[in-house]
Amino acid sequence: MMSRPTGREGETVHPDAPQVAEKGQDALVVDNMDVWFHTPAGSNHAVDDISFALGVGKTMGIVGESGSGKSVLAKSVMRLLPARGVATGGQVLLCGNDISGLGTRKMRKHWGSEVAMVFQDALTALNPVMRVGDQIVEQIREHTPLSRSEAIAKTHRLLTEVGIPSPELRSRQYPHQLSGGMRQRVMIALALSCDPAVLIADEPTTALDVSIQAQIMDLLREEQLGRKMGMVLITHDLGLAANYTDELMVMYGGQVVERGPTKEVLAQPSSPYTEALLRASPRLANPPHTRLETLPGRPPAILGESAGCGFAPRCRRAQERCLVERPRLTLTENGESGHGVRCFYPVGTPGGHEALKINVERGTTAAGLELR
Amino acid sequence: MTVTEITDDQRSAADELAVLSVHDLDVRYDVGRGKTVRAVKDVSFDLRRGETLGVVGESGCGKSTLARALVRMTKIASGSIAFDGNDLVGMSRRELRQIRPRLQMIFQDPVSSMNPRRKVRDIVAEPLSIWNWKTPEERAGRVDELLDLVGMPSDVFGERRPQQLSGGQCQRVSIARALALSPSVIICDEPVSALDMSVQAQVLNLLEDLKAALGLTLLFISHDLSVVKNISDRIAVMYLGRIVELTTSEALYEAPAHPYSQGLLGSIPTVDDTESPAKRRLTGELPSPVDPPSGCHFRTRCPFAQDRCANEKPELRHIADGHLVACHFPQHGAAPWRDDRGA
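Counting from 1, residues in each chain are numbered in the order their sequence is written. Chains and ligands are labelled by the order in which they are written, letters from A for the one and numbers from 1 for the other. Confidence filtering applies because this is a predicted model: local features only for residues at pLDDT of at least 70, side-chain atom pairs given and counted only at 80 or more, and all residues used for totals across whole chains, interfaces and linings. Note that water and hydrogens are dropped before the side-chain values are worked out from all heavy atoms of the structure.

Q: Kindly report on the interface of chain A and chain B, identifying the contributing residues and their values.
A: Size of an interface, as often reported, equals the accessible area lost when the parts are brought together. Whether two residues are in contact is decided by their heavy atoms, any of which lying within 4.5 Å being enough. With 47 residues of chain A at the interface, the matching set in chain B holds 46 residues. Both sides together, the interface formed by chain A and chain B hides about 3900 Å², and carbon and sulfur atoms give 53% of it. When two components associate, each loses some accessible surface as probed by a 1.4 Å sphere; the sum of these losses over both components is called the buried area. On the chain A side of the interface with chain B, the three residues burying the most area are Asn243(A), Leu284(A) and His289(A), jointly 19% of the side's total. Salt bridges are identified by distance alone: a Lys or Arg side-chain nitrogen within 4 Å of an Asp or Glu carboxyl oxygen. Scanning the region where chain A abuts chain B turns up one salt bridge. In this structure, Arg291(A) engages Asp209(B) in a salt bridge whose closest nitrogen and oxygen atoms are separated by 2.8 Å. In protein, a polar contact requires one atom able to donate a hydrogen and another able to accept it; more generally it is a pair of N or O atoms within 3.5 Å, and residues adjacent in sequence count only if both atoms are side-chain atoms. In this assembly, chain A and chain B are joined by 21 residue pairs in polar contact (both at pLDDT 80 or more). Listed by contribution, the elements that provide at least two residues to the side of chain A that touches chain B are α7 (180-192), α8 (210-227), α9 (238-244), α10 (262-267) and α11 (272-280) of chain A. Among the elements that make up the side of chain A that touches chain B, the one with the highest residue count is α8(A) (eight residues). Strands here are runs of E lasting at least two residues and helices are runs of H or I lasting at least four, both read from the DSSP assignment and numbered beginning at the N terminus.

Shown next as structure tokens:
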């Protein structure tokens, strides 16, 4: 069992002391996670049977469009979802400890010191009526035995570390007095303040300009490598995922439709959805007026318990089987890398080729989508 | 290499091609305590008939203010905007009304730019009703035609209200509305920024199709350089109210000459180069627009800045055919932002 951080020597431990327990153990393990939202209109299966393991010092990317369930997954891991109207299933192991089913009170000792989160909108995530320095000091005092002056010193060090000049001055300011990039740096400092083993970053740079995004992402990577911290990066930006993650999960309608080493998934996508996403994104390297391949329709708002594959209505390869049977996440041919796909007719396989050919010949998919 | 100022001859030749010609445009906002922000300063460019001109820059660079100034939705401090030979700046409200059908705008947030209580059919018909275009029957026919054009058949969507539509569908409706009076120029202010990737591609393709089918001229504003590069023939890069570089899409990507353009390109993570995120980055943050640095506004973040940059404002000048740069020390050679020298 892993011990709580109470026995730590505080100051001297930083910066290279992750909270991870024994060797070879994964920082975060999620097993068969399910989340349902109960609404008057019916139950919405927002996260559907997701499992993954995040190694120490590794980055897992989760990409998907809005409504794919990526943020719900993160909040569920953090146990930040409201209790009312929400049902969850599955197991979450954080540094070897089972935290599934824990309530807010019991989660407190895990938040910050074992798992921390960086949110998209720092202005709403930070307390608007509290000086930013005090917010970090409060968190350090909550989780470590440091004295107030030690905590203040650590806060200043953290602020310097995340690239905030004159930390003594800045820590006395309120969130609204800082620029967007500075606020995001403060939130990162706050998240790192108790040396978490796992950092969950939910669209950490979406609200920022591209030049600031690059700075923040470089900072996150640097901190993550230096601290051997596990990171979950949630984003809708494939380019960002390509550059800053080791492993990638592609989500659609609450399910993981493809997963594997980032480079492999993006270079040889196996799921028709991943392929379509890649082809729909404009690329800098392409000449102007390159025709984008579009996905018909739009991401599902609420995915009912459909009998078949959730992507079938928009998929060019959809066959009759896709409408009646749900595909499982299975390893691809070069599966030793852990590359898995949830599809009966994956891209780049004879079966997938055949399925596309059949649909092109008959001019329509089994789901009734017309192909030109 | 010779550096040439823009000559009057070149200017008048360009004017013939230009449907919208902007000279020394200045827009100022009063920010209280006697301070003003020059959100757009000394901006000059030509929008050529039939082209798509992209305007790219980070927040606060003045790109949206420029868009609003071009349709006179905001007060213009000085400068001129010639639209089909008419000067928009000196026009009365009444004269402007006569011009506006030919100069339309599409906004970033399609949902809030539409009246939530009205039906799609009525939203698209509104410009026609205001202009009392033909008979009500013909107007209804025109609405059907417009909605078909943007892929939203009116028998399916005509009776719906904006809240019953997705973001992409709302953007299609606002495109249909902008097209109602057959404009020659459409100003698109971040039209796809609020949309999901798969939907974004649909709307971008739609804009390309409509442009080709209707012979439109587009001014396309976005913070997303990949999107702008894909849709534009030429691109203007803005920084703190000024255009710092203006050239073709290919040239901007292959050989960006302004250090800011290079940094901007180097900051974009792409799927194609997963190897090194260690491209040339932009350091520091945007200075306050209330009190921008003297001389070249970019000098505080520029790796090549010299004393001259602080004292002398760089003018937008030709460094190659059709390639304008406002920099005392423009960078040459093949896309230096693509190597990792700046790592």
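Q: Explain the side chain of Ser222(B) to me, using residue names and the numbers behind them.
A: Residue and element names in this part refer to chain B. Along the chain, serine 222 falls in strand β8 (residues 217-222). Relative accessibility under 20% of the residue-type maximum defines a buried residue, over 50% an exposed one, and the middle range a partly exposed one, all with a 1.4 Å probe and only protein chains included. According to the relative accessible area criterion, serine 222 is buried, its value standing at 1%. At 2.9 Å, the side chain of serine 222 and the backbone nitrogen of aspartate 224 are in polar contact. Once residues lying within four places of it in the same chain are set aside, the contact partners of serine 222 are Val55, Val56, Gly57, Lys63, Glu190, Ser193 and Val228.

Q: Talk me through the nonpolar core; I want residue IDs and the actual numbers.
A: Residues and elements named next belong to chain B. By size, the foremost hydrophobic cluster in this structure holds 87 residues, and its most contacted members are Ile175 and Phe220. It is helix α8 (residues 197-214) that contributes the most residues to this core, eight residues altogether. Ignoring any residue separated from it by four or fewer positions in sequence, one finds phenylalanine 220 in contact with Thr52, Leu53, Gly54, Val55, Cys188, Pro191, Val192, Leu204, Leu207, Val227, Val228 and Ile231. Val27, Ile99, Ile187 and Leu316 belong to the second largest nonpolar core, which has 37 residues in total. Buried Ala, Val, Leu, Ile, Met, Phe, Trp, Tyr and Cys residues form a nonpolar core when they are joined through side-chain atoms within 4.5 Å.

These figures capture arrangement, not role.
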